[in-house]
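# Structural characterization, general
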Amino acid sequence: MKTREELVSSDSDYFIYAPSRLALELFLYPLQCGVFSYLPGYRLTRNAFDSFLLLYIKKGELEISLERYSLQAAAGQFVLLDCYRRHGYASDTGAQCLWCHFDGVTARGYYQNVVSRLGNVFRMPDSTLAFRRLQAILKTFYEGAPVREPLLSKYLTDILTEFLLYTPAGPHTGGYAAMAEEMLSYIGEHFKENLAIKDLAAIASLSPCHFIRVFKKETGFTPHEYLVNTRIAMAKYLLKNTRLSVKDICFSCGFSCESVFCSAFKKALKMTPAQYRAQGSP
């Protein structure tokens, strides 16, 4: 469809899509998408527009307005916005953008994690995959092809996952995302050992208090919570797939004693290890 929006070039196109109930319950899905050429002087401000917005700037510049601050975005950069909140964008120079309003059951989680690492405006070292996936979404509607919602969801997931895999050294991350990933791997390899928080912090070259704070920010768990979760996950496997005694499993998973193991297990699963083992296979 051709836009009638002021100061948007008449050669701009956009498409609107209403997702199925399956998509609403299961997928990421596009709601509106298009290619717009914004003319100099373009301005848009919204209190809310229930979706998340992904923009790729091909040419020109945009000024992005959020609730408390503004950001500059230039050609070759991506913009990711939470349009449930007040937002706006404008261009004094003019700009050409590919854009997609999207939503879905995991959309907010993706948004929060990407923005916590990269900010709302960012440049990828290689934007090829994300750009091509965005083009593929637009191509589906341009060509009037049958809409395959799982495929569109995959395209959006590929884009957002590509963003999450990029960990720049900069003010948004302070290098902590990479640190957290390394610590997750370390805990996964050494969870059977007696891991003290001060020792994990030393490996990360941080003070214990700072380590706990940034680890939780990056993972959603304190180091102790994650360590216990890892041990519980192994215990669940051993309870279902071996004949080891509860006591042997306790020590195999790194717990200091059987009472500590049983208490942690019951807190996590609302049942004892023996009750869990007696259940049918999950």
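So, here is what we can say about the structure in this document. (Residues numbered from 1 in each chain as written. Predicted model: local features only at pLDDT ≥ 70, side-chain atom pairs only at ≥ 80, totals over all residues. Heavy atoms only, no water.)

## A look at the packing of aromatic side chains
As a reminder of what qualifies: Between 30 and 60 degrees the pair is tilted, below 30 it is stacked and above 60 it is edge-to-face, where a pair is any two Phe, Tyr or Trp rings, Trp via its six-membered ring, whose centres lie within 6.5 Å. Starting at the N terminus, helices and strands are each numbered in turn, a helix being any DSSP run of H or I of at least four residues and a strand any DSSP run of E of at least two. Each residue is placed in one exposure class: buried if its accessible area under a 1.4 Å probe, protein chains only, is under 20% of its type's maximum, exposed if it is over 50%, and partly exposed if it falls in between. We count a charge as sitting over a ring when the NZ of a lysine or the CZ of an arginine lies within 6 Å of the ring centre and within 35 degrees of the ring normal.
Within the structure shown, the criterion is met by 22 aromatic pairs. Ring geometry for tyrosine 17 against phenylalanine 141: centres 5.8 Å apart, planes inclined by 55 degrees, an arrangement best described as tilted. Pair noted here: tyrosine 17 is in the loop between β1 (13-16) and α1 (21-26) and phenylalanine 141 is in helix α3 (residues 128-142), with a separation of 124 residues, a long-range link. Comparing tyrosine 17 with phenylalanine 141 shows no difference in burial state: the two are buried. When the centroid spacing of 4.5 Å and the interplanar angle of 40 degrees are considered together, the rings of tyrosine 38 and tyrosine 42 count as tilted. Take tyrosine 42: its relative accessible area is 2%, and that puts it in the buried class. Clustering of aromatic rings is evident, with ring pairs tying together Tyr14, Phe36, Tyr38, Tyr42, Tyr89 and Trp99. Over the aromatic face of phenylalanine 49 sits the side chain of arginine 46, whose NZ or CZ is 4.3 Å from the ring centroid. In this arrangement the basic side chain of lysine 240 is found over the ring face of tyrosine 276, its NZ or CZ atom lying 4.7 Å from the centre.

## Describing the side chain of threonine 222
What counts, and what does not: We call two residues contacting when some pair of their heavy atoms lies within 4.5 Å.
Relative to the elements of secondary structure, threonine 222 occurs in the loop between α7 (208-219) and α8 (223-241). Note on threonine 222: relative accessible area 18%, which makes it buried. Not counting the four nearest positions on each side in its chain, threonine 222 is found in contact with Phe215 and Lys216.

## Topic: unusual backbone geometry
The backbone phi angle of leucine 7 is positive, close to 60 degrees, even though this residue is not glycine. Mapped onto the elements of the fold, leucine 7 is located in the segment before β1. By relative accessible area, which is 39% here, leucine 7 ends up partly exposed.

## Considering the pattern of salt bridges
Test applied: By convention in these notes, a salt bridge is any Lys or Arg side-chain nitrogen within 4 Å of a carboxyl oxygen on Asp or Glu.
Enumeration according to the criterion identifies nine salt bridges in this entry. As a salt-bridge pair, arginine 133 and aspartate 158 come within 2.8 Å of each other at their nearest N and O atoms. Here arginine 133 is found in helix α3, whereas its partner aspartate 158 is found in helix α4 (residues 149-165), with 25 residues between them in sequence. We classify arginine 133 as partly exposed; its relative accessible area is 24%. Residue class for aspartate 158 comes out buried when judged on its relative accessible area of 19%. Across the salt bridge formed by lysine 198 and aspartate 199, the nearest N and O atoms sit 3.3 Å from each other. A relative accessible area of 56% places lysine 198 in the exposed class. Aspartate 199 gets classed as partly exposed once you look at its relative accessible area, which sits at 37%. Connected through shared salt-bridge partners, Glu67, Asp82, Arg85 and Arg108 make up one network.

## As for the pairing of strand β2 (residues 28-38)
Selection rule: At least two DSSP bridges between two strands are required for those strands to pair.
For β2, the buried fraction is high: eleven of the eleven residues fall into the buried class. Bridge count between β1 and β2: four bridges; the pairing is antiparallel. Following the sheet pairing, isoleucine 16 is matched in β2 by glutamine 32. The pairing of β2 with strand β8 (residues 95-104) spans ten bridges and is classified as antiparallel. Following the sheet pairing, glycine 34 is matched in β8 by tryptophan 99.

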